[in-house]
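Report on the structure
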Amino acid sequence: MSLRKILATFMFLTLMTCLAIGSQQVRAQSPTDTSQPANQRDKKNDDVNLDTQLYLLIATNSAVEDTKLPASLDAVIKQLRTSLPFKNYRLAATLINRVRNEGRLSLRWIGGSLLPAAAASSMNPSFNEFKVVQVKLATNAAGQSIVKMEGFSFGARIPIQTGTAIASNAPAAPIINYENTGVNTDISMREGEPVVVGTLNAGPSGDAIILVMSANRTLK
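Residues numbered from 1 in each chain as written. Predicted model: local features only at pLDDT ≥ 70, side-chain atom pairs only at ≥ 80, totals over all residues. Heavy atoms only, no water.

1. Comments concerning helix 2 (residues 74-83)
So the rule is basically this: Three exposure classes are used, based on accessible area relative to the maximum for each residue type with a 1.4 Å probe and protein chains only: buried under 20%, partly exposed in between, and exposed over 50%. Strands are runs of DSSP state E lasting at least two residues, helices are runs of H or I lasting at least four, and both sets are numbered from the N terminus onward. This arc is taken over the directions from the axis of the helix to the C-beta atoms. Contact criterion: two residues are considered in contact whenever any of their non-hydrogen atoms come within 4.5 Å of each other.
Inspection of helix 2 places Val76, Ile77 and Leu80 among the buried residues, and these make up the whole buried set. For helix 2, the angular spread of the buried residues around the axis is 95 degrees, confining them to a single face. Looking at helix 2, the residues exposed on the side facing more than 90 degrees away from the buried face are Asp74, Ala75, Lys78 and Thr82. Considering only its buried residues, helix 2 is in contact with strand 1 (49-60), strand 2 (88-100), strand 7 (195-201) and strand 8 (208-218).

This is how it looks when you write it as structure tokens:
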């Protein structure tokens, strides 16, 4: 064999060896390259917070002052007026809280009576509790961003006048008993769109407490 052929064969074998080594390196690096974006996405999700809004609406057939409701609830109020036989709706409370994605939320508070009949008496507050076991961002079957609230719970102890105490030497006084009401459920909703979570009977007056919830993410 001539020297030229020997050199050509040697160069060919060297080239094939380099290509084989390079292919192995690419295959070895592939898992690392593809896993890096997933790690970045996980870290980004961990940094996401959600702003939650819980609205407590009182539905009643009694005459009440015309109160302005948030514009964000226009669609909800329209839905309620067609499905529930109440003449008036008023906003009793708005609770705004921030929670980390996949975090939990819990709060208790003492407020004025949720019912118009007892609102004039500051001696009869309501005792309220709201909690969510986990608030989590997710995606539905249509690819839309949703917020899941697992273990949603709202409870209230509200004062109900059950009678009147009359004494010969003192003015009449209302007899007040506290009654429990609440709801426990798991819900999911489209991000940024308020939804009705539940409707609670609020005593013999026929009034109702309506829970409306919304949540949207924030990176701040």
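2. Section: the packing of aromatic side chains
Two measures describe an aromatic ring pair: the distance that separates the ring centres and the angle between the ring planes. Rules: A pair of Phe, Tyr and Trp rings is counted when the ring centres sit within 6.5 Å of each other, with Trp represented by its six-membered ring. The angle between the planes then sorts it: under 30 degrees is stacked, over 60 is edge-to-face, the rest tilted.
On inspection of all chains with the given rule, the structure shows 4 aromatic pairs. Plain terms: the ring middles of Phe86 and Tyr89 are 6.5 Å apart, the flat faces sit at 75 degrees to each other, and that makes the pair edge-to-face. For the residue pair Phe86 and Tyr89, the accessibility class agrees, reading buried in each case.

3. Brief notes about the sheet that holds strand 5 (residues 145-167)
Note the following rule: Note on pairing: two strands pair once DSSP finds at least 2 bridges between them. Each axis is a line fitted through C-alpha atoms, and for a helix only the stretch in contact is used; angles between axes span 0 to 180 degrees, taken between their N-to-C directions.
The 4 strands are arranged 3-4-5-6 in an open sheet whose pairing can be described as antiparallel. Since the sheet does not close on itself, it has two edges, and those belong to strand 3 (103-111) and strand 6 (170-190), each with one partner. For this sheet, the mean inter-axis angle between neighbouring strands, taken without regard to orientation, is 15 degrees. As judged from the 18 bridges shared by strand 5 and strand 6, these two strands associate in the antiparallel manner. Considered in strand 6, the bridge of Phe152 is made with Thr185.

4. Side note on the pairing of strand 8
For strand 8, the tally of buried residues reaches 9 of 11 residues, placing the bulk of the element in the interior. Direction of pairing for strand 1 relative to strand 8: antiparallel, over a ladder of 11 bridges. Each bridged residue has a counterpart across the sheet, and for Leu56 the counterpart in strand 8 is Leu211. In this sheet, strand 8 lies alongside strand 7 in antiparallel orientation, the contact comprising 6 bridges. Residue Leu200 lies in a different strand from strand 8, and its bridge partner there is Ile209.

5. A closer look at the pattern of salt bridges
Worth spelling out the cut-off: Just to be clear on terms, a salt bridge is a Lys or Arg side-chain nitrogen sitting within 4 Å of an Asp or Glu carboxyl oxygen.
This structure, assessed with the given rule, holds 4 salt bridges. Salt-bridge contacts for Asp51 lead to Arg98; the nearest nitrogen and oxygen are separated by 2.8 Å. Of this pair, Asp51 sits in strand 1 while Arg98 is found in strand 2, placing the two residues 47 residues apart along the sequence. Overall, Asp51 belongs to the buried group, its relative accessible area being 18%.

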